[in-house]
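Structural features, examined
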Amino acid sequence: MTPIIGVCVKWIGSQPTSGHEADARFAQFSASDQAALEVALQRAEQQSARVRVVSVAPIAARSHLVALCASGAHELVHIAAEGQSSSAHVAHELAQHLRDCASVWCGDYSLDRGSGSVPAFLASTLGAQQALGIVGISATNNNSLDLLRRLDAGRREIVRVMEPFIISVEGSMATLRRASLASTLRPTANIIDASLAEPSTLSLGDFSPFRPRPRTVQAPAGETALDRIKAATSANSPQKHSEIVTLAPEDAAQYIVERLTEWGYLS
Amino acid sequence: MSDFDVIVVGAGPAGSCAALTIARTGKSVALIERGPFPGSKNMYGGVVYPRILDALIPEWWNEMPVQRWVTRRSTMLLTDTQSLSIDFRSDAWGDAPYNGATAFRPDFDNWLANKAVEAGATLVCSTTVTGLITNANGAVIGIHTDRPDGDLTASVVIACDGVNSFLAKEHGMYPHTDAAHFTLGVKETITLSKEIIDERFAVRGNQGVDIEILGGTSGVNGGGFIYTNLDSLSVGVVLKLPKLAAQSKRPEEIIAGLKSHSAIAPLVEGGTISEYSAHLIPEAGLKMMPTLLDDGLLVAGDAAAMCLAAGIWLEGVNFAMASGMYAAQAACEAIEKGNTSAKGLSLYKKLLEDTFVLRDHRKLRRAPQLVLSDRVQHMYPALITSVVQGMFHVNNPLPKPGLRKILKDERRRLGIRTIDLAKDAITGFRSFG
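The present account deals with the structure reproduced in this document. (Residues numbered from 1 in each chain as written. Chains lettered and ligands numbered in written order. Predicted model: local features only at pLDDT ≥ 70, side-chain atom pairs only at ≥ 80, totals over all residues. Heavy atoms only, no water.)

1. Concerning a nonpolar patch on the surface
- The grouping of Val-257, Trp-263, Tyr-265 and Leu-266 of chain A at the surface amounts to a nonpolar patch, some 380 Å² of accessible area in total.
- Mapping Trp-263 of chain A onto the fold places it in the segment after helix H7 (249-262). (Patch = residues over 30% accessible without salt bridge, like charges linked within 9 Å, V, L, I, M, F, W, Y side chains within 5 Å. Areas by Shrake-Rupley, 256 points an atom, 1.4 Å probe, with all protein chains shown as cover. Salt bridge = Lys/Arg side-chain N within 4 Å of Asp/Glu carboxyl O. Helix = DSSP H or I, 4+ residues; strand = E, 2+ residues; numbered from the N terminus.)

This is how it looks when you write it as C-alpha cells:
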C-alpha cells in the first residue's frame, strides 16, 4: 500500500477593510504552509509516497488550493467552510482525512497569525507526536526523524519524533517548487470535496492563558530618580547570565520547579 | 497538433479583448499573464474610453468597474506663477452610453480577463513568457515560459506584452528603438475623502474630472495630469526621457513641484499619498510602431506602440482593446483558412488601417513631436498666459492696450520668431484641423 503524507494548509483571503470587501485576488498561503508542502513533496519522492493536501477553506479558495496542489500533490481534500471555527473543531475535521497518514506537515503560522493551536489539537486527536518550529531535518531513520528546532536567541535543538507525527515547519525550511505549466493547465490532483460538520457539543472545558499572579514588589530605594531607576532595573547589580546546569532528569525537573517558584511563576 | 489555437501573451486590455474575441469563436486560447492576477501591476493613472467595447460587451457600462465617469475636462497651461484653464463640462458624459471613465486597472483588467475566461479562454497567471518558439522557417509556433516544462505551442501567438515588448524585439519587429520615443509616466495616488473631492472639483455622485496640464514639469518636456477617482486622486507627470536624463531632478521632485503650484496645491492639500509608481509610455506614435505581424505572430496594444499622445488627446486603453480585438479576428480568419503566415494574418493590418487605430495615428503623426517640442512646452504657455494677463491686468491711468500690441510685445520679450510660430501653427492645423 502506498504511504500517504499529509499536509495541512490555511487559506487566508484579504482582510476586509473599511468600506471594502475582502478580495480573493489578494489571498495567499503563508510561506511556512508552502514550505510544509515542499518538505512533504521531497519526502514523498524519497519514500515513493503520495501527498494529500487537506484544508478547511471557503469556496473562494478552491482555485488557489488547486493551483497550490499543481506543484505536485496527489490529492486535495477541500473541506468547505465559510465562517470561523474553533481550532479544536478544525483539527477534528482535518483529522478525519489524515488518519491513514504516518506524518502530517503544517506551516508554523498562517497569514492571519492565528493561535497556531490546530497542529496541537490535531496531534491530540490523532494520538501523534508533535514538534513545532522546525527548520531542518538532521537525520532520517526508519520510523523516526531527527528534527532541527529553532529556539530563542539563535539557539537550536534536535528533537526526535516517532511516527505518527505532526510537524510544524518554518517558512525558511524550503521554498515551494514552481508548478509545471502542464500541471497548471491540467491539474492532476484528485480532488475530494467535504463539508465542515457541526461542532461537537462535547465541551473540552474552559481554557485560558496562564498568567502568573501579580506580586507586591518594594519600591526601589535611592536618593535620586536615576538611583531609583538603577535599583528598579538592577543596573548596578552584578549581571546574572544564563547558567548551564547538568543534572539527572529528576533533579533537573526539581531545579526548574524551584527556579520558577523563586521567580514567582509557581506558587 | 498545437496545444492551443492561439496563445495571447499578457492579460491587459489588448490581451483580454483578444482572448475574449477568440474564445467566442469556439477556438482554444490561452491567456498568459505574468502577474498573480490581471491588472496586478497597477501602474495606470488615466481615463479609459471604452466605446470599442460596444462590439464585445453590450451595455458594458452596467458592469465595468468604474471609479468616476468623466464629465469635466480641463486643459491647463502653467508657468511658474500663472495658470490658464479651459474647462469643459458635459452632463451627457455622466449618463449611458457615457464617454470616458477613471478606473483602477486591477479591477478593470481583472473584469475584462474574467469575461474572456467566462467565454472559454484559459487564463494562466504568475507565468512569464520568456521567448518565442519558431520552426525551421522562422515562423512563430509557440512560447517558452519560466515554468518547468513550460513550452506551449499554438497556430498563432498574439504578443500583448506591453510597452518595451521583449517578444516583438526578440523577433526583430522593432528595427530601431530610441529613448526619445518614450516618456516616463510617474503617478501618485493621493487619498482624499469623496466629499472633499466632490467639493474641490465641483462634481457630484460618480461624476469625475480629467485635468491635462501643459507646463509645471520643472522645465522637463512633458505634461502633468490630475484624475479624480472615487476617494483618491491620480496626480502625476509624463516626462520625455532624454530631457529627464539631461537634468538633475528626480521624477518625485518634479511631481512635488507640480503639487506645490498655486493652481494645484489647493486641489491636493490634506491628501495622503497611498501609492507611487512609474511606467514607460510609448508616445512617438507611428514613428515608433513595430512591424505589426509576421508568420504566426501578431503584436497589439502597448507592445505595438498603440498609444495616442497628441496633446489634447491622450488615449491608450481604447487603442489597446481595439488592436487586441482586430488581432484576434485576423488570427481566427487565418486559422480557419489554414494559413497563419504573415500573408494569412494580413487582415489585422487592414482592420487597423480601416479604423480609428491607424487612421488617428496617421492623421496625428506630427502631433507628438509638436506637443513635446521646446516651443510648445516652454515658450507658448508663457506667451499665452502673458497675453491673457496683459488683457486682464488693469493698469490705470494708462488706457487698455490692444490685443495685437500685447501679443507683439510678449512675443518679442520671449524671443519667439514669427516664422517658428507660423510653422507650428501649420503643423498644428494639419494635425488637429
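Alright, that's what it looks like, and here's the rest.
2. Some words on the interface of chain B and chain A
- In this assembly, 17 residues from chain B lie in contact with 9 residues from chain A.
- Across the chain B/chain A interface, buried area totals approximately 1200 Å², and carbon plus sulfur atoms make up 60% of it.
- Contact with chain A buries surface across chain B, with Phe-37, Arg-147 and Pro-148 of chain B losing the most and accounting together for 41% of the total.
- There are 1 salt bridge connecting chain B and chain A.
- Here Arg-178 of chain A and Asp-146 of chain B are joined by a salt bridge, their closest N and O atoms 2.8 Å apart.
- Looking at the side of chain B that touches chain A, the elements that each hand over two or more residues are helix H2 (105-119), strand E7 (122-124) and strand E10 (151-159) of chain B.
- Ranked by residues supplied to the side of chain B that touches chain A, first place goes to H2 of chain B with 3 residues.
- The residue inventory of the side of chain B that touches chain A, partitioned by class, reads 6 nonpolar, 6 polar and 5 charged. (Contact = heavy atoms within 4.5 Å. Buried area = accessible area lost by both parts, 1.4 Å probe. Nonpolar A, V, L, I, M, F, W, Y, C, P; charged D, E, K, R; others polar.)

3. Considering the pattern of salt bridges
Residue and element names in this part refer to chain B.
- In this structure the tally under the stated criterion is 31 salt bridges over all chains.
- Measuring nitrogen to oxygen at the nearest pair gives 2.6 Å for the salt bridge that ties Lys-194 to Asp-198. A residue pair is termed a helical-turn pair when its members lie 3 or 4 positions apart in one helix, as Lys-194 and Asp-198 do in helix H4 (residues 194-201) at 4 residues.
- Judged by its relative accessible area of 24%, Lys-194 falls in the partly exposed class. (Buried < 20%, exposed > 50% of the residue type's maximum accessible area, 1.4 Å probe, protein only.)

4. Comments concerning the pairing of strand E2 (residues 29-32) of chain B
All names here are of chain B.
- Judged by which residues are buried, E2 turns out to be covered on both faces: Val-29 and Leu-31 on one side and Ala-30 and Ile-32 on the other are all buried.
- Direction of pairing for strand E1 (residues 4-9) relative to E2: parallel, over a ladder of 4 bridges. Counterpart to Val-6 in the pairing with E2 is Val-29.
- For the handedness criterion, the β-α-β arrangement of E1, helix H1 (residues 13-24) and E2 is classed as right-handed.
- In this structure, E2 lies alongside E7, joined through 3 bridges in parallel fashion. Looking across to E7, one finds that Ala-30 is bridged to Thr-122. (Pairing = 2+ DSSP bridges. Right-handed = clockwise from strand over helix to strand, strands pointing away.)

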